[in-house]
Amino acid sequence: MTVPNPPMPRADGPASADRSSPGHHEAKVTAATAPYVTRPTRWTRFTRTFVPWQLWRFARINVKMIRIIRSSRT
Amino acid sequence: MRVDADYAAKPFERWAPGDWPRTYQSPAYPNIFAAGIAFAPPHAISLPHTSPNGTVIAPAPPRTGMPSAEIGKAVARSIADMIGGAPRPTHTASMAEMGAACVASAGAHLFTGTAASMTVYPIVPDFGRYPLYGRDLDRTFGEIGLAGHWIKILLHHMFLYKARMHPGWALIPE
């Protein structure tokens, strides 16, 4: 099941940056402040190189890409 | 080169999948087509943003690799049919109706390399069909891992086989 991400903050929201320079804009969204920015856990990093799991993912990703290719045929 | 797209200037809210070209035929010169990176996109594919230091970020559509191959096939078939007497292009390949797959890999070793694998469908967001994000989330994903690296190695050998036109080459997708 796919869970949609929370809505992103608008880029034109209230500024909290150094306002001394007219053209300066501070980034509103950072990895530390945005709850939807995921960081890989130690387990996730482990699975990225765990061969048995990656063999399964190899098959799954291939199937996904074949579906994309089939649905894109002209 | 300008083709059969809708190049009228319009705000992001009025961008539509129908703005994107389908036949890639020049409206000024009907015997000229522009496939792949040769055609001029009507606009970006996502809402343009501005970086903190003022640089405009306007996501351009990917027109190399898989999309250009599909567009090229459609254009080639249309040209062949027009040479045979068809009055207009007979095949279409809109980027609003096709997906794309991409693998960016690093490293050469089978077990120490890694890659980011991603697919997107459709390439041009269609908020009519997919109101929330403009894309089919079942067919739009990204993943980091060794599996993508293996896929890249597999694709490398498959594409070289296809380029050499060995037996069965036409069965290998672009």
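Predicted, not measured: the structure shown is a model, and the values here were computed from it. Position numbers for residues start from 1 in each chain and track the written sequence from start to end. Naming scheme: in the order in which they are written, chains are lettered from A and ligands are numbered from 1. With the structure being a predicted model, the display of local features is reserved for residues of pLDDT at least 70 and the display and counting of side-chain atom pairs for 80 or more, all residues being used for whole-chain, interface and lining totals.

### Some thoughts on the overall build of chain A
Piece 1. In DSSP terms, a helix is any run of H or I states spanning at least four residues, a strand is any run of E spanning at least two, and both are numbered starting from the N terminus. If you tally the helices and strands in chain A, you get two helices and zero strands.
Piece 2. Counting other C-beta atoms within 10 Å of a residue's own tells you its class, since 20 or more makes it buried, 12 or fewer makes it exposed, and anything in between is partly exposed; those C-beta atoms are placed from the backbone. In chain A, which comprises 74 residues, the share counted as buried stands at 11%.

### Side note on the interface of chain B and chain A
Piece 1. The partner chain A presents 22 residues to the 30 residues of chain B that form the contact.
Piece 2. Looking at the side of chain B that touches chain A, the elements that each hand over two or more residues are helix 1 (66–83), strand 4 (114–120), strand 5 (141–145) and helix 2 (146–163) of chain B.
Piece 3. Partitioned by chemical class, the residues of the side of chain B that touches chain A number 15 nonpolar, ten polar and five charged. Contact between residues is assigned whenever the C-beta positions, reconstructed from backbone atoms, fall within 7 Å. Note on residue classes: Ala, Val, Leu, Ile, Met, Phe, Trp, Tyr, Cys and Pro are nonpolar, Asp, Glu, Lys and Arg are charged, and everything else, Gly too, is polar.

### Some thoughts on the domain arrangement of chain B
All names here are of chain B.
Piece 1. Looking at the assigned domains, one finds that chain B contains domain 1 (12–83) and domain 2 (100–171).
Piece 2. Taken together, the eight residues of domain 1 in the interface contact seven residues of domain 2.
Piece 3. Within the side of domain 1 that touches domain 2, the residues separate by chemical class into seven nonpolar, one polar and no charged. Domain borders in the structure are assigned automatically or taken from a domain database.

### Considering the environment of Arg135 of chain B
All names here are of chain B.
Piece 1. The topology assignment puts Arg135 in the loop between strand 4 and strand 5.
Piece 2. Separated by 15 residues in sequence, Arg135 and Trp150 place their C-alpha atoms 27 Å apart.
Piece 3. Those residues in contact with Arg135 that sit more than four places away from it in its chain are Val120, Tyr121, Pro122, Pro125, Tyr130 and Thr140.

### Regarding helix 2 of chain B
Piece 1. By this rule, a helix spans an expected 1.5 Å times one less than how many residues it contains. The end-to-end C-alpha separation of helix 2 of chain B is 26 Å, in line with the 26 Å expected for 18 residues at 1.5 Å each.
Piece 2. Here helix 2 of chain B has its buried residues at Leu146, Ala147, Gly148, His149, Trp150 and Ile151 of chain B.
Piece 3. Elements in contact with the buried residues of helix 2 of chain B: helix 2 (51–71) of chain A together with strand 3 (100–106), strand 4 and strand 5 of chain B.

### Structural notes on the sheet that holds strand 4 of chain B
Piece 1. Here we have three strands laid out as an open sheet, ordered 3-4-5 (chain B), and antiparallel in their pairing. Lying at the two open borders of the sheet, with one neighbouring strand each, are strand 3 and strand 5 of chain B. The average angle at which neighbouring strand axes cross in this sheet is 10°, direction not considered.
Piece 2. Think of it this way: DSSP has to see at least two bridges between two strands before they count as a pair. Relative to strand 4 of chain B, strand 3 of chain B runs antiparallel, the two sharing seven bridges. Looking at the pairing, Ala106 of chain B lines up with Thr114 of chain B of strand 4 of chain B.
Piece 3. Every axis in this analysis is a line fitted to C-alpha atoms, fitted for helices over the stretch in contact. Angles between the N-to-C directions lie between 0 and 180 degrees. Taken strand by strand, helix 2 of chain A contacts strand 3, strand 4 and strand 5 of chain B, and its axis lies near 150° from that of strand 5 of chain B.

### Considerations on helix 1 of chain B
Piece 1. End to end, helix 1 of chain B covers 26 Å across 18 residues, agreeing with the expected 26 Å (1.5 Å per residue, within 8%).
Piece 2. Of the residues making up helix 1 of chain B, those classed as buried are Met66, Pro67, Glu70, Ile71, Ala74, Val75 and Ser78 of chain B.

### Side note on the environment of Pro173 of chain B
Residue and element names in this part refer to chain B.
Piece 1. One can find Pro173 in the segment after helix 2.
Piece 2. Accessibility expressed as a C-beta count within 10 Å gives 19 for Pro173, which makes it partly exposed.
Piece 3. Pro173 sits 14 residues away from Phe159 along the chain, and the two C-alpha atoms are 8.7 Å apart.

### Side note on the pairing of strand 4 of chain B
Piece 1. Here strand 4 of chain B pairs with strand 5 of chain B via five bridges, running antiparallel. Each bridged residue has a counterpart across the sheet, and for Thr119 of chain B the counterpart in strand 5 of chain B is Phe141 of chain B.

### Let's talk about the packing of helix 2 of chain A against helix 2 of chain B
Piece 1. Where helix 2 of chain A contacts helix 2 of chain B, the two axes come as close as 8 Å, and the packing angle between them is 55°. Here helix 2 of chain B runs oblique to helix 2 of chain A, going by the angle between their axes. In terms of crossing hand, the pair formed by helix 2 of chain A and helix 2 of chain B is right-handed. For the pair formed by helix 2 of chain A and helix 2 of chain B, the contact residues are Gln54, Arg57, Phe58, Ile61 and Asn62 of chain A on the first element and Leu146, Ala147, Gly148, Trp150 and Ile151 of chain B on the second.
Piece 2. For the contact of helix 2 of chain A with helix 2 of chain B, a count of residues per class yields six nonpolar, three polar and one charged. Roughly parallel refers to an angle under 35 degrees, roughly antiparallel to one over 145, roughly perpendicular to one between 65 and 115, and oblique to any angle outside these ranges. For any pair of crossing helices, the crossing counts as left-handed if the nearer helix is rotated counterclockwise from the farther one by less than a right angle, and right-handed if it is rotated clockwise.

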